[in-house]
Amino acid sequence: MNGAQVVVAAFEREDVDFVFGYPGGACMPIFDALVDASKLKLVLVRHEQGGTHMADGYARATGKPGVVLVTSGPGATNTVTGLLTAQMDSVPLVVVTGQTMTVNLGKDAFQEADVFGVTMPVVKHSYLVKDVNDLPRVMKEAFHLASSGRPGPVLVDIPKDVQTAGCTADFPDEVDMPGYQVQTRCAPDDLQRTADLIMNSKRPLLYVGAGAVISQAGKQVRALAEKLGAPVTTTLLGKGAFPETHELSVGMLGMHGTAYANKTVVDCDLIMAIGARWDDRITGKVSAFCPDAVKIHIDIDPAEFGKIIQPDVSLQGDASLVLADLLPLVKSLKTKPWLTQIAKWKQRHPLKYPKRGGLRAQHILDELDRLTESRGVIATDVGQHQMWAAQFCKSCRERQWLSSGGAGTMGYGLPAALGAQFGCPDDLVIAVVGDGGFQMTQFELATAAIHKLPVKILVINNSYLGMVRQWQQLFFDNRESGVGMEGNPDFVKLAEAYGIKSFRIRRAGDITRVLKKALDYNAGPVLIDAVVVKADNVFPMIPSGAPVSDMLIEEPPPTTKLEKPVGST
Amino acid sequence: MEEQFTISIFVNNKPGVLVRIAQTFARRGYNVASLVVSAAHDPQFSRMTIVVQGSPADFDQILRQLNKLVDVVHASHHESSDSVDREMALFKVEVSAERRSEVFQVVEVFRAKTVDITERSLIIETTGNSSKIDALERLLGTMGLVEMIRTGKLIMARGAAET
Ligand SMILES: Cc1ncc(C[n+]2csc(CCOP(=O)(O)OP(=O)(O)O)c2C)c(N)n1
Ligand SMILES: [Mg+2]
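Residues numbered from 1 in each chain as written. Chains lettered and ligands numbered in written order. Predicted model: local features only at pLDDT ≥ 70, side-chain atom pairs only at ≥ 80, totals over all residues. Heavy atoms only, no water.

1. Concerning the overall build of chain B
Here's step 1: Across its full length, chain B carries 4 helices and 9 strands.
Here's step 2: When the elements of chain B are put in sequence order from the N terminus, they spell out β-α-β-β-α-β-β-α-β-β-α-β-β.
Here's step 3: Projected onto its principal axes, the C-alpha coordinates of chain B cover approximately 60 × 40 × 30 Å.
Here's step 4: Looking at the 163 residues of chain B, the share that counts as buried comes to 41%.
Here's step 5: Of the contacts made within chain B by residues no fewer than 6 positions apart, 72% connect residues no fewer than 24 positions apart.
Here's step 6: Accessible area of chain B: about 9,200 Å², with a carbon and sulfur share of 52%. (Helix = DSSP H or I, 4+ residues; strand = E, 2+ residues; numbered from the N terminus. Buried < 20%, exposed > 50% of the residue type's maximum accessible area, 1.4 Å probe, protein only. Contact = heavy atoms within 4.5 Å. Areas by Shrake-Rupley, 256 points an atom, 1.4 Å probe, with all protein chains shown as cover.)

2. A closer look at the confidence of the model for chain B
Here's step 1: Model confidence for chain B is summarised by a mean pLDDT of 95, while 100% of its residues fall at 70 or above.
Here's step 2: Across the whole predicted complex the pTM is 0.96, and at the interface the ipTM reaches 0.91. (pLDDT = per-residue confidence, 0-100.)

3. A word on the coordination of the magnesium ion (ligand 2)
Residues and elements named next belong to chain A.
Here's step 1: For the magnesium ion (ligand 2), every protein donor is listed as Asp435 (OD), Asn462 (OD1) and Tyr464 (O), and the spread of their distances is 2.0 to 2.1 Å.
Here's step 2: Donor residues for the magnesium ion (ligand 2) sit on one chain with the sequence pattern D-x26-N-x1-Y. Highlighted residues: Asp435 in helix H19 (residues 435–441) and Asn462 in the loop between strand E16 (456–461) and helix H21 (466–475), separated in sequence by 27 residues. When sorted by exposure, Asp435 lands in the same class as Asn462, which is buried. (Donors = N, O, S within 2.8 Å, 3.2 Å for Na, K, Ca; no water.)

4. Topic: the packing of helix H12 (residues 259–267) of chain A against helix H15 (residues 336–348) of chain A
All names here are of chain A.
Here's step 1: The interhelical angle for the contact between H12 and H15, taken along N-to-C directions, is 145°, at an axis separation of 9 Å. Taken as a pair, H12 and H15 cross one another with a handedness that is right-handed. In this structure, H12 uses Tyr260, Lys263, Thr264 and Asp267 to contact H15, whose residues at the interface are Trp338, Ile342, Trp345 and Lys346.
Here's step 2: Here the contact of H12 with H15 is composed, by residue class, of 4 nonpolar, 1 polar and 3 charged. (Axes fitted to C-alpha atoms, helices over the stretch in contact; angles between N-to-C directions. Left-handed = near helix turned anticlockwise from the far one by under 90°. Nonpolar A, V, L, I, M, F, W, Y, C, P; charged D, E, K, R; others polar.)

5. Some remarks on the pattern of salt bridges
Residues and elements named next belong to chain A.
Here's step 1: Applying the stated criterion across every chain yields a total of 31 salt bridges over all chains.
Here's step 2: Across the pair Asp301 and Arg150 runs a salt bridge whose closest N-O atoms are separated by 2.9 Å. Here Asp301 is found in the loop between strand E11 (294–299) and strand E12 (313–316), whereas its partner Arg150 is found in the loop between helix H7 (135–147) and strand E6 (153–159), with 151 residues between them in sequence.
Here's step 3: On the basis of relative accessible area, Asp301 is assigned to the buried category, the value being 4%.
Here's step 4: The shortest N-O distance in the salt bridge between Arg185 and Asp325 comes to 2.9 Å. (Salt bridge = Lys/Arg side-chain N within 4 Å of Asp/Glu carboxyl O.)

6. With respect to the nonpolar core
Residue and element names in this part refer to chain A.
Here's step 1: Residues Phe20, Phe438, Ile457 and Leu527 are the most contacted members of the largest nonpolar core, which totals 49 residues.
Here's step 2: The dominant element in this core, judged by the number of residues it contributes, is helix H18 (residues 413–423), at 6 residues.
Here's step 3: Both domains that meet at this core, namely domain 1 (3–164) and domain 3 (361–539), each give it at least three residues.
Here's step 4: Excluding residues within four positions of it along the chain, Ile457 makes contact with Leu414, Ala431, Val433, Phe438, Leu445, Val526, Leu527 and Ile528.
Here's step 5: Listed in part, the 44 residues of the second largest apolar core include Leu365, Ala518, Phe539 and Leu562. (Core = buried A, V, L, I, M, F, W, Y, C linked by side-chain atoms within 4.5 Å. Domains from an automatic or database assignment.)

7. As for the sheet that holds strand E7 (residues 204–208) of chain A
Residues and elements named next belong to chain A.
Here's step 1: The strand order E9-E8-E7-E10-E11-E12 describes an open sheet built from 6 strands, whose pairing is parallel. In this open sheet, the two edge strands, each paired with only one partner strand, are strand E9 (249–252) and E12. Strand-to-strand twist in this sheet, taken as the mean axis angle between neighbours without regard to direction, amounts to 15°.
Here's step 2: Here 3 bridges tie E7 to strand E8 (residues 232–234), and the two strands are oriented parallel to one another. Across the sheet, Tyr207 pairs through a bridge with Thr233, a residue of E8.
Here's step 3: Strands in contact with helix H11 (residues 218–228) are E7, E8 and strand E10 (270–274); relative to E7, the strand with the most contacts, it is inclined by about 170°. (Pairing = 2+ DSSP bridges.)

8. Focus: the environment of Val483 of chain A
Residues and elements named next belong to chain A.
Here's step 1: Mapped onto the elements, Val483 comes out in the loop between H21 and helix H22 (491–497).
Here's step 2: A sequence separation of 18 residues divides Val483 from Leu465, and the C-alpha atoms of the two residues are 5.0 Å apart.
Here's step 3: Dropping the residues within four chain positions of it, Val483 is found in contact with Ser463, Tyr464, Leu465, Val468, Arg469 and Gln472.

9. Let's talk about the sheet that holds strand E1 (residues 3–12) of chain B
Residues and elements named next belong to chain B.
Here's step 1: In space, the 4 strands of this open sheet follow the order E2-E3-E1-E4, with antiparallel pairing throughout. The open sheet has two edge strands, strand E2 (31–39) and strand E4 (72–78), and neither has a second partner. The sheet shows a mean angle of 15° between the axes of neighbouring strands, taken without regard to direction.
Here's step 2: Here E1 runs beside E4; their pairing, made up of 6 bridges, is antiparallel. Looking across to E4, one finds that Ser8 is bridged to Ser76.
Here's step 3: Packed onto the sheet, helix H1 (residues 17–27) meets E1, E2, strand E3 (45–54) and E4 and runs at close to 20° relative to E3.
Here's step 4: Most of the contacts of helix H2 (residues 56–68) go to E4, to which it runs at about 155°, and overall it touches E1, E3 and E4.

So, in structure tokens, the structure goes:
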């Protein structure tokens, strides 16, 4: 076997079914080896960023690592945004990049880039393979690292001469990495201490993040919530780890979370983070975040403990196992008064939107959720539409919600939806994208069309970079600067140019009819251009850096002057 | 207020390890005051002693981030009470033949060594803990010191404890 064949054999050994790739000189031997691979399919994407997000969407939807194969230099640097996106949200990827010949390294050879160096801060780990006999071990380690512990992207840079050199080494049976150990269960003492703290709580709250999704801890989260009678809030990336249709759910918390989730945060006496990392979009002003509540933190990554918030107890381990061990130690709590209070908040401050005065994104997403009975796998882009989708499209199971949270990467939504549809061909996959972000990776429409993926692409078209416009309106005296999207193409015609079926929604009265038509069409992708009111705003909102209690539940009157936020935008 | 911390790190002897460690400090605005790397007894691994300067509030987190690196087998913080620390330094002093004896006296008191001698200059070598070297530097500074280089601190845990 040569190096290229080792790479493909490694893919097959790891049960890879799709490789999202884009060819070029430095990876041609691997592309050549793929011709003989019968078990896996090469998906030719239209841009390496698109390919990386596609692998990411595949990984988030299936739980298996997504695989990317690109050439050296610009091919490799085009994956950087996708690597960052995956790194921030703990998504398992194995990205193989071709590299110039070993003898030319460091000599500015054609299409040489120090990819190992460029990507180092945005990967979980990376390799530059200079000896072909290291390749079987490196490939095995790469898949192990990407998908175990706190998952993340792993990059393997392989010079072209290593791809063509003969390899005599075998794949090792086990990985041997003395610097990499994953602790999945925590100490019994800490569990008992946690249980004691919980049993003393009158107003507990489970705050559930992406870690619970990755760990498939939905069952245990639910068992704990129901046993205690504790309300549950999920982060943007935790959506689906607890059904948002459950009566104990208070929905999403944080900057654009529900008013009742944030009120629950402010008033709780114990908050238990389950695979969540006290992100600044959640805590607002950290010193004012639940100052008097007991804090418990479950995470598989010990570097998260005390990074933002010092917990009273930290439980290092895999969320599902830690919760399973904790469950027998706790009993039902008397939370009736607490739940009654929360029910009142839900009643007083529901998520709402005007159904008159023009077409609203919220109305479409609310109707989409109703028509699909919250079954859809939703991939979003980044902006206002993302927050509205998070508010109105309920998630009921893990891996049903794919969104770039940590990095907030515009351009993520469409390719991620395609990756999810490749991985889950029988699921209903919906991309909810903004007119701005859609145009950052819209070229992947070709990939959708060629593979006849039945994704539904909903473009929330407000002719604005809406989220930035909202900030300019609220905090910069409505001085618009670089946010108008005049020059948008006709998205219906654009889709048609790719041979993609498309519809337009202009009026609220069209919503149900058009959505039904699009949902019924499964012969290939379908795009809906939803021309919504231009200057709508997302509420509730906690201005960044402000305490959670400063939440603006509704749009303040236009004359209100808000202070410029102190936190990062 | 910034403080100094001494960290020992046991790592895989592989390319890129040093960069990852340096990035972990740089990202948090820590300055590396000194850095010593050498192969360990088992040449598959290397040992590093790093002295860094930065805010104590971030230190525990940085140590966790270091331990999280795949190539780091372990990273630990050391206080002077639990470990032996040594540093070596070379000093070049420009001094005329008449005033050499003053310098020799200092060399003797500090149990340092003169390792090179010309008509107009001396090179002095010393080993000791960092404060001894600081003191010697201060004294020689008044006697024509023109160049100095220090190896940076090396540490080893006392007794049976692993560094
Ligand atoms: C790659 C990238 N560039 C810039 C931003 C900053 N940003 C965040 S939201 C946003 C506006 C998004 O506009 P659009 O896609 O139309 O969505 P809308 O907010 O209008 O729903 C921008 C520019 C970003 N998140 N990602
Ligand atoms: Mg927009």
